[in-house]
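Descriptive analysis of the structure
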Amino acid sequence: MEVLYMSLFCLFVLSSLYFLFYKTKAGARLPPGRTGWPVIGESLEFLSIGWKGHPEKFIFDRMAKYSPTVFRTHLLGERAAVFCGAAGNKFLFSNENKLVQAWWPASVDKIFPSSTQTSSKEEAIKMRKMLPNILKPEALHRYVEIMDHIARRHFADGWDNKKEVVVFPLAKNYTFWLACRLFVSIEDPAQVQKFAEPFNLLASGLISIPIDLPGTPFNKGIKASNFVRKELVAIIKQRKLDLADGKASPTQDILSHMLLATDDSGKSMHELDIADKILGLLIGGHDTASSACAFIVKYLAELPHIYDRVYHEQMGIARSKAAGELLKWEDVQKMKYSWNVACEVMRMAPPLQGAFREALTDFTYNGFSIPKGWKLYWSANSTHKNPEFFAEPMKFEPARFEGSGPAPYTFVPFGGGPRMCPGKEYARLEILVFMHHLVTRFKWEMLIPNETIVVDPMPIPAKGLPVRLFPHRS
Ligand code: HEM
């Protein structure tokens, strides 16, 4: 046994020395940093600092120790470099498909077997061309009334006449219900619920250790993914018939848009591809936006002066409407202060901490060599919580977003460049509609002051954010 330990130790020391003094063909040195333990590298530190609620610590400790621009590490079984600051973000975002391309951990590939994010570059390009059209602001105008309609039902079912509620599961319910309605026209709560359970399994599978044995979260995630895809294909087949018979409208939801969209050569998408795309949208859009909604509730509870300004803005809009009249696009455009608040929430608690790219070729960045195949990570926190870009970064200050707002590449909750979140505008609308209903109905207080935050991988309050509600007198 001792021999085995000694051999492992020597291997570790040798590999560390190799990386420390390794020079590439071009003579440039690898970025400074450490590769951590054999196989697992620094994954455990990376994840566990997030579980303790301070994912930025992993980044800032290493920026201070090694380099403020780029450092080396080893994450999820891969050699990786973390690009920091606005310049790092700019570099990765503007070199998409030139020096870098998107990369997702192997577990994602297994749960989305033919997913566009991972498998086929051609499919990904098709998807990227189509999504902005389907989700662009003009296309979303008419969705605002539907969002308002679902929000009213959601608040009536989940919040009204309750003394206390747990916010995070409610926020998930809201964003999922909306997505079911707007993507595939499923509105009945019982049917939404039927989807919600496999969806939660799927989402947990995506962030689990990829061991495919009966009963593991990963295995349950794969099964749930197959179930949801099968259900989606059945919905797609029925929709095709309904569209042909004139029973469904070409504009009723995102599914109809996808079925009728064609690529440059006039070809429409395969049913399974559409199912995968809808699945990707449901996953991409659901937990991120619900995390943002939950943190808005938290910060507004903690900061009454900010709550008051949001309340006045939203009441101004509510008073301008006739009784029962639904919110419209123009109403949402007036919610400027509320959006600044939502942005400040996403600066302080970015729903996605960052994302990976893969180096397509050997290249040099800031004098350091980045070998082909390395995984590259951009981190929202490296700018969001950096005093170089946001003065007093731990202070909640929505005024940062007034005027021309933060400098380019510093505020990146939705990423940037060609892979910037295509659901950004959709997310803005659903978050603002949520804020409208929330503040025009209630004030609230947190039942667990200073509730611990867990980042796994989205930030969530450890106990789901229970609050006591104080309805406004009507
Ligand atoms: C507050 C809510 C949201 C946040 C913070 C967010 C954040 C992000 C970020 C940071 C990325 C880029 C990752 C990268 O650089 O690789 C991304 C990609 C993506 N988002 Fe969102 N997102 C949100 C809501 C949504 C919604 C509502 C949808 C769907 C309607 C959506 C669909 C997607 C898709 C499909 C991608 C992948 C794009 C690609 O790979 O090219 N997201 N999101």
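As the structure is a prediction and not an experimental result, all values here were calculated from the model.

Here we come to the overall build of the protein. Helix and strand counts for the protein stand at 18 helices and 12 strands. Counting all 474 residues of the protein, 41% fall into the buried class. For the protein, restricting intrachain contacts to residue pairs at least 6 apart in sequence, the fraction spanning at least 24 positions comes to 70%.

Looking now at the confidence of the model for the protein. Parts of the model with low pLDDT should not have their predicted coordinates read in detail. With 89% of its residues at a pLDDT of 70 or more, the protein has an overall mean of 88. Across residues 1-26, where pLDDT falls below 50, the model places 15 contacts with residues more than four positions away in sequence or in other chains. Every residue in residues 115-120 is under pLDDT 50, and counting partners more than four places away or in other chains gives 20 contacts.

Around the ligand there are 23 residues in total, and Gly284, Gly285, Gly415, Cys421 and Gly423 lie nearest to it. Broken down by secondary-structure element, the contributors of at least two residues to the shell around the ligand are helix H6 (121-135), helix H13 (271-302) and helix H18 (424-441). No other element matches H13, which puts 7 residues into the shell around the ligand. In the shell around the ligand, the residues fall into 14 nonpolar, 7 polar and 2 charged.

Next up on the list: H13. Side chains of residues three or four places apart in an α-helix project in the same direction, reflecting 3.6 residues per turn. An ideal rise of 1.5 Å per residue puts 46 Å on 32 residues; H13 measures up with 47 Å between its terminal C-alpha atoms. Counting buried residues along H13, 24 of its 32 residues qualify, which places the element largely inside the surrounding structure.

Strand-to-strand pairing in sheets goes through backbone hydrogen bonds, with the strands running parallel or antiparallel. Read across the sheet, 3 strands follow the order E4-E12-E9 without closing on themselves; strand pairing throughout is antiparallel. Here the strands that pair on one side only, and so sit at the sheet edges, are strand E4 (164-166) and strand E9 (442-446). Ignoring which end each strand starts from, the neighbouring axes of this sheet average 35° apart. Where E4 and strand E12 (residues 466-471) come together, 3 bridges link them in antiparallel fashion. Within E12, the position partnered with Val166 by the bridge is Pro466. Strand contacts of H13: E9 and E12, with the helix running at about 85° to E9, the strand carrying the most contacts.

Across 6 bridges, the pairing between strand E1 (residues 70-75) and strand E2 (residues 78-83) is antiparallel. Paired with His74 across the two strands is Arg79, which belongs to E2. Connecting the antiparallel pair E1 and E2 is a turn made up of 2 residues, with Leu76 showing a positive phi of about 50°. Judged from the 4 bridges that link them, E2 and strand E8 (residues 375-379) form a sheet pairing that is parallel. Residue pairing for E8: Ala80 is matched across the bridge by Lys375.

Along helix H3 (residues 55-65), the positions that sit buried rather than exposed are Pro55, Glu56, Phe58, Ile59, Arg62 and Met63. Relative to the axis of H3, the buried residues are bounded by an arc of 155° and lie together on one face. Exposed residues pointing more than 90 degrees away from the buried face of H3 are listed as Ala64 and Lys65. Tucked into the core, H3 has its buried residues touching helix H2 (43-51), E1, E2, E8, helix H17 (381-384) and strand E10 (453-455).

Right, let's get into the nonpolar core. With 90 residues, the main nonpolar core has Phe183, Ile278, Cys293 and Ile296 as its most contacted residues. Ranked by residue count, the leading element in this core is H13, at 15 residues. Setting aside its immediate chain neighbours within four residues, Cys293 contacts Ala171, Tyr174, Thr175, Ile431 and Phe434. Within the second largest apolar cluster, 25 residues are counted, among which are Leu30, Leu92, Val100 and Phe368.

What follows covers unusual backbone geometry. Phi at Glu392 is positive, roughly 45°, even though this residue is not glycine. Within the secondary structure, Glu392 is located in the loop between H17 and H18. A residue is classified by how many C-beta atoms lie within 10 Å of it, and Glu392, with 9 of them, is exposed. Look at Leu465: it is not a glycine, yet its phi comes out positive at around 65°. With respect to the helices, strands and loops of the structure, Leu465 is situated in the loop between strand E11 (459-461) and E12.

Our next topic: the sheet that holds strand E5 (residues 354-359). Ordered in space as E1-E2-E8-E5-E3, the 5 strands form an open sheet in which the pairing is mixed. Pairing within the sheet leaves two strands with one partner each, and these edge strands are E1 and strand E3 (100-102). Sheet twist, expressed as the mean angle between neighbouring strand axes with direction ignored, is 35°. Across 5 bridges, the pairing between E5 and E8 is antiparallel. Within E8, the residue paired with Arg357 across the bridge is Leu376.

Before going further, it helps to examine the UniProt feature "binding site: heme" (unreviewed entry) in the protein. UniProt's entry tags Cys421 with the feature "binding site: heme" (unreviewed entry), counted in the numbering of this structure. Relative to the assigned elements, Cys421 resides in the loop between H17 and H18. Cys421 gets classed as buried once you count the C-beta atoms within 10 Å, which come to 21. Excluding residues within four positions of it along the chain, Cys421 makes contact with Phe414 and Gly415.

Let us look at the pairing of E12. Pairing analysis gives 5 bridges linking E9 to E12, with the strands arranged antiparallel. Considered in E12, the bridge of Phe442 is made with Pro471.

What counts, and at which threshold
Residues numbered from 1 in each chain as written. Predicted model: local features only at pLDDT ≥ 70, side-chain atom pairs only at ≥ 80, totals over all residues. Helix = DSSP H or I, 4+ residues; strand = E, 2+ residues; numbered from the N terminus. Buried ≥ 20, exposed ≤ 12 C-beta atoms within 10 Å, placed from the backbone. Contact = placed C-beta atoms within 7 Å. pLDDT = per-residue confidence, 0-100. Near = placed C-beta within 6 Å. Nonpolar A, V, L, I, M, F, W, Y, C, P; charged D, E, K, R; others polar. Expected span 1.5 Å × (residues − 1). Pairing = 2+ DSSP bridges. Axes fitted to C-alpha atoms, helices over the stretch in contact; angles between N-to-C directions. Arc of directions from axis to C-beta. Core = buried A, V, L, I, M, F, W, Y, C linked by C-beta atoms within 7 Å. UniProt positions renumbered as here; feature names shortened; annotations may be inferred.

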